[in-house]
Structure formats: C-alpha cells, structure tokens
Amino acid sequence: MTFHSMWAELLPIGRNSASGGYRRYAWTAADAECRDWFEAQAKSRGLTYELDRNGNQWAWLGDPAAGDAVVTGSHLDSVPDGGAFDGPLGVVSSFAALDELRGRGAEFTKPLAIVNFGDEEGARFGLACVGSRLTAGQLTVEQAHRLTDGDGVTLPQAMAAAGYDADAIGPDPERLARIGAFVELHVEQGRALDLSGDQVGIASAIWPHGRWRFDFRGEANHAGTTRLVDRRDPMLSYAETVLAARREAQLAGAVATFGKIAVEPNGVNAIPSLVRGWLDSRAADQATLDTVVTGVEKAAREYAEAHGVDLDIVRESFTPVVEFDHALRDELARVLGKGKGNGTGRELTVPVLGTGAGHDAGILSGSIPTAMLFVRNPTGVSHSPAEFAAEDDCVAGVTALADVLEGLACR
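Please read these numbers as outputs of a predicted model, since none were measured by experiment. (Residues numbered from 1 in each chain as written. Predicted model: local features only at pLDDT ≥ 70, side-chain atom pairs only at ≥ 80, totals over all residues. Heavy atoms only, no water.)

**Observations regarding the sheet that holds strand 7 (residues 209-217)**
The strands that make up a sheet are held in pairs by hydrogen bonds between backbone atoms, and each pair lies either parallel or antiparallel.
(1) Moving on: Taken together, four strands build an open sheet; the order of strands is 9-11-7-12 and the sheet is antiparallel. Strands with a single pairing partner mark the edges of an open sheet, and in this sheet they are strand 9 (255-264) and strand 12 (310-319). Strand-to-strand twist across the sheet, computed as the mean angle between neighbouring axes with direction ignored, equals 15 degrees.
(2) Moving on: Two elements, strand 7 and strand 12, share nine bridges in a ladder whose sense is antiparallel. In the sheet register, Arg211 faces strand 12, and the bridge partner there is Ser317.
(3) Moving on: Lying on the sheet, helix 9 (residues 234-252) is in contact with strand 7, strand 9 and strand 11 (274-282); it crosses strand 9 at an angle near 170 degrees.
(4) Moving on: Seen against the sheet, helix 10 (residues 286-306) touches strand 7, strand 9, strand 11 and strand 12 and runs at an angle of roughly 5 degrees to strand 7. (Pairing = 2+ DSSP bridges. Helix = DSSP H or I, 4+ residues; strand = E, 2+ residues; numbered from the N terminus. Axes fitted to C-alpha atoms, helices over the stretch in contact; angles between N-to-C directions. Contact = heavy atoms within 4.5 Å.)

Structural data, given as structure tokens:
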C-alpha cells in the first residue's frame with residue numbers, strides 16, 4: 001500500500017464529526033480499531049506480529065532474538081480532539097519506509113521492527129507514555145494499577161475490558177536488551193522547519209517537563225444569596241493562579257499551561273467547593289523549569305490564603321531533560337546529508353531542533369539509543385484539528401526514514 005492509501009484508511013478512525021478532531025483514547029473502541037489496523041498492516045507484509053506484556057504492538061522483520069534490532073514507529077492514540085498527524089504519521093511512515101526499502105532491494109543485516117506504543121498521550125488516565133514507561137521500568141506496576149480515568153475506571157479494568165491481560169504488565173528489560181536503536185518520526189510541533197524552509201529535521205533534545213495538580217478547596221454555597229465578603233470561592237484563587245502561571249513562564253522564557261479543570265459541584269448557580277486544575281510546564285533547562293513551578297506554587301498559596309481557601313499541590317508526572325544519543329543523532333545527520341549537495345561536492349546540513357514535547361523516544365532514551373526525525377508542520381499547530389503536514393513533506397519524511405533505516409539495518 002502507498003502512504004496515501006494507508007493514511008486514508010486510518011483517517012476516519014476515532015474522528016469526531018462535530019469538532020473534526022480525534023478521540024482515540026487508550027483501551028476504547030477507537031483504540032481497538034487502530035490496533036486492528038496496525039495488526040492488519042503487519043500481517044499483510046508478512047511481518048511477525050507481536051503484542052507485548054504492556055499492550056504495545058510490534059511488527060518484526062527478521063528474528064527478534066538475534067539482537068541489535070533497529071526499531072521505528074510511534075503511537076496511534078490522541079489527545080482530546082487532537083490532530084491526525086501526532087503519532088499516526090510516525091506509524092504510517094514506518095510501514096511506508098519498509099515498503100520503500102523493499103522496493104530498493106535492500107538487504108537487511110539486522111532485525112527491523114515497527115512499534116505502536118500504547119497510551120502515549122495520556123488522555124484517559126492522565127499520565128503520558130504509559131506503554132513505554134512500563135516497558136522501561138519508569139512506571140511501576142503499583143503506580144499503573146492506581147491510574148484511574150474520569151469515570152473511576154482503573155487502567156487494569158480498562159485493559160481487561162478490552163481483552164488484555166492486565167496482570168502481565170511491568171518492566172520488559174529483555175525486550176529492550178534486544179534493541180540496538182529506536183528512531184521515531186514525528187510531525188513537528190512548532191514552525192522551525194517551516195521558517196527554515198526544510199522538509200525534515202533531527203531532534204537534539206526534549207525539554208524537561210511535568211504535570212502538577214492544584215486542588216483549591218473552598219465552601220459550596222448559593223450564588224445568589226451569599227455575600228461576596230462571606231464567600232470562600234476557590235475559583236478566584238484558581239483564576240489568579242492561571243494568570244500567575246502565564247506571568248512566571250513569560251518572565252523565564254518557558255511555557256506553562258492550565259489546560260484541564262474539574263469543578264465541584266459544577267453548578268451555574270453554585271459557588272464551587274473544589275476547583276482542580278492541572279498545570280503543564282516545560283522549559284529548556286531544569287533550573288528554569290524549577291523557577292517557573294516554584295513561582296506558580298508560591299503565588300497559588302498566597303491567593304488561596306487571601307480567599308480563605310485550602311490548597312493541595314501534587315506533582316503527577318515529571319520527565320527530566322532528554323539528550324538524544326549523540327552518536328545516533330550524528331549518524332542520522334550523516335545519512336540524510338550524504339549525496340544531497342546538489343552537485344556541489346558538499347553534504348547538506350540537516351536542521352537539528354530541540355522540542356518541548358514529550359515522546360516515547362524520550363522515555364526510552366535512558367535504556368537504549370534513541371533519535372527522532374521531524375516532518376515540517378506549516379501551521380505550527382499541534383494537539384488540535386488544525387495540525388497539518390503537506391503530503392509531499394510526509395513523503396519526504398518517508399524517504400528520510402527509509403534512508404536512515406537502510407543506513408542502520410542494511411548492508
């Protein structure tokens with residue numbers, strides 16, 4: 001199948017007709033359809049299909065037990081009303097790159113695998129990269145069992161309902177020991193490539209980032225009969241904290257976002273008793289991130305005290321700065337620049353970009369050599385239906401990935 005035909009097959013799955021965005025949440029019907037699609041693509045190419053203990057899907061060319069395997073892929077799940085490209089572009093491009101290599105008559109000297117990591121976005125259970133975190137031992141079985149969605153369904157219950165063995169989840173060091181390199185292709189979440197005029201770039205590092213939950217607890221009361229002076233309104237403290245996050249991030253040259261909120265009792269004519277907001281903050285270095293989060297926490301506590309509101313702050317997840325493997329990154333640059341100097345005798349310089357977005361490649365970087373390729377996104381928009389990559393740029397990404405895989409896994 002061509003890139004275009006595979007993309008067209010996957011495009012309708014989990015798409016919300018009203019928003020135009022995708023709702024492919026972990027262990028739901030839409031997720032199951034995506035998984036069925038992946039399995040069908042693997043088997044149609046004669047690849048060995050495998051489901052690991054954490055629900056990640058693998059498609060193998062060659063013997064996995066041989067070791068030093070080259071792996072590519074990404075994820076198929078989405079954020080709420082997310083775009084079509086974040087994740088799926090990497091998976092579709094991986095199958096297309098394998099097809100291109102076979103068309104070139106490439107001879108593989110190492111096992112090659114394509115992977116779909118489960119629950120990368122964390123839209124359902126609030127923690128990103130669950131599949132890769134479990135595999136790498138960065139999420140314990142006990143922590144995973146405590147993950148709960150908005151309806152009170154735990155991760156093990158969701159997996160069991162989808163027909164998977166939740167009792168088997170846990171670290172998978174044997175699998176990781178068989179992998180020599182992992183290269184993840186992803187749509188760029190920003191406009192650096194558009195501004196530079198390049199179709200494809202290489203990742204240098206992922207900014208440190210985390211999620212913090214702020215629970216503001218006040219007193220529920222009648223919106224029409226309670227005097228302003230008598231109120232303990234947690235919404236006021238929350239609103240002021242949102243503004244403080246923007247101010248702290250702007251001063252530090254970082255980013256901070258309150259993008260999710262839960263309110264109790266959530267009535268139009270009721271003063272809230274609880275406002276729960278989630279802060280996502282990211283920065284180019286750890287010191288800057290610490291400065292931002294400390295500033296937001298300090299401001300939140302001051303606002304809470306001023307309004308007679310109690311405040312609890314919990315760090316729900318954190319990922320330190322990720323420096324991708326330098327040798328692998330340099331090899332990608334060499335392969336992609338080789339022979340592309342337009343007759344000048346010089347190799348092209350491939351853009352190397354940092355990113356504030358987290359990825360499975362970042363999680364796995366502590367266990368195996370990892371690298372990333374980015375495909376140009378002219379809008380710079382991501383986690384939105386407006387996310388986009390032109391088809392010629394997607395095809396250029398496929399060719400770049402094929403070149404990289406040929407350099408790593410073929411004679």
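**As for the environment of Pro369**
(1) Moving on: Examined against the element boundaries, Pro369 turns out to sit in the loop between helix 12 (360-364) and strand 15 (370-375).
(2) Moving on: Distance in space between the C-alpha atoms of Pro369 and Asp310 is 45 Å, their sequence separation being 59 residues.

**Comments concerning unusual backbone geometry**
(1) Moving on: Omega for the peptide link from Glu264 to Pro265 comes to 0 degrees, which places this bond in the cis form.
(2) Moving on: Tracing the backbone shows Pro265 in the loop between strand 9 and strand 10 (270-271).
(3) Moving on: At Trp27, a residue that is not glycine, the phi angle is positive and equals roughly 65 degrees.
(4) Moving on: Note that Trp27 resides in the loop between helix 1 (3-10) and helix 2 (29-44).
(5) Moving on: Residue classification places Trp27 among the buried residues on the basis of a relative accessible area of 10%.
(6) Moving on: Although it is not a glycine, Asp68 sits at a positive phi angle of roughly 55 degrees.
(7) Moving on: Inspection of the secondary structure puts Asp68 in the loop between strand 2 (57-61) and strand 3 (69-75). (Buried < 20%, exposed > 50% of the residue type's maximum accessible area, 1.4 Å probe, protein only.)

By themselves, these are just geometric observations and shouldn't be taken as functional.
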